[in-house]
Each structure stands twice: as C-alpha cells, then as structure tokens.
Amino acid sequence: MTSATDPQVEPKAALSLVERVWDTEIVPTLIDYIRIPNKSPHFDPDWHANGHMQKAVDLIAGWCRQRPLPGLQLEVVELPGRTPLIYMELPGDASAGDDTVLLYGHLDKQPEMEGWRAGLGPWEPVLDGDRLYGRGGADDGYAAFASLTALQVLTDQGVPHARCVVLIEGCEESGSFDLPFYIEHLKDRIGTPSLVVCLDSGAGDYERLWNTTSLRGMVGGELSVEILTEGVHSGDASGVVPDSFRILRSVLSRLEDEQTGRILPRELHADIPEQRLTQAQRSADVLKTRATGRFPFVKGAGPLEGPTAELILNRTWRPALAVTGAGGLPSLQSAGNVLRPRTAAKLSLRLPPTVDGDQAAAVVKRLLEADPPYGARVTFSGAEGVTGWNAPPVADWLESSVAAASEVFFGKPSAAMGEGGTIPFMGMLGEAFPAAQFLITGVLGPESNAHGPNEFLHVPTGKRLTACVAQVLAAHLHRPRS
C-alpha cells in the first residue's frame, strides 16, 4: 500500500491540466490522425509506398516532441523492411535507479468496414458531443498522447516517478509480427520493466477505471473448398455435383456446433481460474444488462442464452468462431444460376488465454483438412496462431492505487474483467518480464465498436483515464520493494 506521506497527484490540478491538453491539443491532433487511412500491413500490403504510415508517425512524433517534459528523448526506429516504431524515454527520479515503467500503444488501424451511419466515415472525423467518431481514435491513436499527458501531470506537480519508456508500434492490428524484432533490438534500452501500462483495451462502461485481467488468443486463416475447375449451370449440375458452400458448412461443423456456437475440440478449451470466475460474477453485478445491451442487435434479436456472468466468460475465457470474410461468392446483383467451383471463408477463432496459439492452429488445420467430403480440395491456409495472456496476481499496491484512482477521477469503484480481443504484445511481455505488474486498460466501452463501423472515442473517459494513469505512476515509485 502507498502511505499517506507518499507524493500524490493533486486531483483538481491534474484534471484541469488534462482537460486543457485534451481539449486544445489532443482532440485536434486526433482529428488529423483519423483522417490518415493508415491501415495495418495485412490490410495495406503497399503501406510503405502509400505513405500513410509515415504520415501517422510524423504526426504523433511531432506532437510528442513538443511536450514540456525535460529530458524526453524520442526516436523513430525503422528496422529494414519493417513497420516503424516510435521509441520514447523519459528519465525518472534519482531514487528510482533503473526501475522502469513501459507504456504501450499502436498507430496502425483496421480497414474501413461497411455500415457507417450517414454523416460518419472511417476517415472523416466527427466530434458529436462527447464522442469523437472515426477509425483509430480509440483503438488506439490516443495512447501516445494520453501517456505523455499523464507524465506531464507529474512533471507539472513535481511528483517523482520511475524512468518511463513509451513504445508506439505500427503493426498491432496485423498481429504485431514486427514487434518481437524491435523488442530484441531495443532490449538494452528498454531494460526490465516492473510495470507495464497498455492503453489498447476495453472498458465495461464509462463510469469507472477498468483493469483487463486476461486476453484471448486467436487462430486466423482462410478455409477454402474447391470442387470444380470452373463454374457450371446449376440446373445441369445440382443434384450431381455437391455445392462447395455445403461442403464448407459441413467441414466447419467439425469445429463448431452450429446450433449453440460451442467449439467442439477439447484441445481448444481451458480450465478457467477461480479468480477469473469471481471477477466475471462481479463484473456481471456491475454491468447487469449492459454487458449484452452494448451490442447493436436488430429489432427482435438478442444474445446467447445464459446468466450474464456466463456470457462474460464466453467472450473472455471460452473459444468462439466468427466468419469475417468470404470468397468465391459473387455479389447478389451478379449471382447467376451457376454452381460455383469454390467457396472460401476467412475464419477468426478466439482462444482461451492459456491455450497455445501455434498448437491450436495445428489442431484446427488437421481437423478441417482431414478426409475432405467428396474428395474436394479443402485447405486451411495462412493459419496463424496467437497465444493470449493471463495476468499475474495483482500486487497490493497496484490494486489499491487503481481503486483509489477510479474513486478520485471517476467517482466510482474500479472493476476488473478479461477481454475477448488479442493484444500480442502482452503475451510477449508476460513471457519476457514475468515479474512485471500490468495495468491494461482503455476507452473501448459500450458501442465504441473498434474494428467496426461508427468507431468512436468517448472523450471524457479519455481524460479521466489519463489522470488515473498519472496517479498509478506516482504510486508505483513508492510501492513496497521485496
């Protein structure tokens, strides 16, 4: 626990500074950032030639260089053939020695997606009340700005902190495949962090500080079924030639029970720790119907059946399949009476945090490709597995500082919950720095819709979160040492 004599952030002054910086500097810069179609490399293979990545790097690095943070060092590191990374370092108080905090975010974005409401678009920022709409503002272009503003609060108030390293990568939405090379390249400069702060996660609501306790892993790939060398008249061939869509559907049934959505192979499931069960129930008590009501169901539709706590565990600790794209299917306007030669589907299989991603990918590939119906050519290509992350036990000092920060800046108790998404960086760091503590949080709350249409950043939450990070950084320096 921190003691009453430890230097603390003065709340009113902190919020005043944070609100001023957000209103006059961060939001206007985020508006410029949203306009840059800086899609992640998987979605823009020509990212280097197109130049959007460089524009985003220049914008964020330029803003950061202007911060009133004495001793701040910033370098844009570019390894050959890899997406750039912004590396920042701010010296800490002499009493901290080489103790280090690592703060993380990314600047690449998901693709456009369809379905944006009239007047909104991925690259057209719109500030509507408390919401800043546009791709990448919440996921998570704000991270660099919030990190340095939290440090500015401490500097402005003369509150000491440990040495801080900030990493902003350009490849997260593609699985962070470049990041391990930068971690290795910069390992001597990064040091050994005792605290990791990641601002790329979710929030159950906008009323408190949320700490993410686990992240699911993922297997992604393309399932393709080929039965003919070319399309043929459906009136001539149907009833003789099996439809490639039906074959694909039957192969997927090996993986998923289409009636319930349950993933069938036992190897893709994991035991849920007792603490995570307790956290899910507490989160359900806090969120109640908001845990499922946050999603934009069509009229008359609703979620899977079951208690709220079980649905929370479904999206955080149980495997689940989504078909995120399709190939071999013409548009409805162009669909003639043709029995098509091929059907393909892009699969996104979320895994429990403790299931090994590579092993899961091998299981899925064997399962889908074995004994193809009718001798069809069935392939699961591009299969990539990413292992999730399960937080280590939370230290008393971090639990108390997160709770205090939430009460001071949100006015409500903090909460902890797993998240259904994947942040590959967390798994890398958890393995590299097993003794580190983690504050994994973010602004992706109800309806914020990261990756989908109408993505928005809830600006008041961004402000309060920034102030909370400042208070946690202050508490970190004065934590008990073993």
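Our subject is the structure listed above.
Criteria and cut-off values
- Residues numbered from 1 in each chain as written.
- Predicted model: local features only at pLDDT ≥ 70, side-chain atom pairs only at ≥ 80, totals over all residues.
- Heavy atoms only, no water.
- Core = buried A, V, L, I, M, F, W, Y, C linked by side-chain atoms within 4.5 Å.
- Buried < 20%, exposed > 50% of the residue type's maximum accessible area, 1.4 Å probe, protein only.
- Helix = DSSP H or I, 4+ residues; strand = E, 2+ residues; numbered from the N terminus.
- Phe/Tyr/Trp six-rings, centres within 6.5 Å; stacked < 30°, edge-to-face > 60°.
- Lys NZ or Arg CZ within 6 Å of the ring centre and 35° of its normal.
- 1 Å grid on protein atoms, 1.4 Å probe; cavity = no way out; pocket = protein on both sides within 12 Å on 5 of 7 lines; lining within 4 Å.
- Points joined across faces, edges and corners; volume = space filled by probe spheres on them.
- Nonpolar A, V, L, I, M, F, W, Y, C, P; charged D, E, K, R; others polar.

1. Overview of the nonpolar core
In terms of nonpolar packing, the biggest core is built from 71 residues, with Trp 22, Leu 30, Ile 86, Leu 107 and Tyr 142 touching the most fellow members. The element contributing the most residues to this core is helix 16 (residues 459-477), with 11 residues. Core analysis: the next-biggest nonpolar cluster, separate from the first, contains 26 residues, Val 77, Tyr 104, Ile 183 and Leu 186 among them.

2. Quick notes on the packing of aromatic side chains
Aromatic ring pairs are reported here in terms of the distance separating the ring centres and the angle at which the planes meet. Going through the model one piece at a time under the given rule, you end up with 6 aromatic pairs. Seen from their ring centres, Trp 22 and Tyr 142 are 6.5 Å apart, and the 40° between their planes marks the pair as tilted. Taken together, the positions of Trp 22 in helix 1 (residues 11-34) and Tyr 142 in the loop between helix 4 (137-141) and helix 5 (143-157) put the pair 120 residues apart, joining distant regions of the chain. Take Trp 22 and Tyr 142: they sit in the same class, and that class is buried. Above the face of the Tyr 33 ring, Lys 109 is positioned so that its terminal group lies 4.1 Å from the ring centre. Lying across the ring of Tyr 87, Arg 189 places its NZ or CZ 4.5 Å from the centre.

3. Overview of the layout of surface pockets
Estimates place the volume of the second largest pocket at around 410 Å³. Of all the elements in the fold, those that place two or more residues in the lining of the second largest pocket are strand 8 (210-215), helix 10 (274-287), helix 14 (396-409) and strand 16 (415-419). Considering every element that reaches the lining of the second largest pocket, the biggest residue donor is helix 10, with 6 residues. The class makeup of the residues in the lining of the second largest pocket is 6 nonpolar, 7 polar and 2 charged.

So far we have only geometry, and geometry alone does not tell us how the molecule works.
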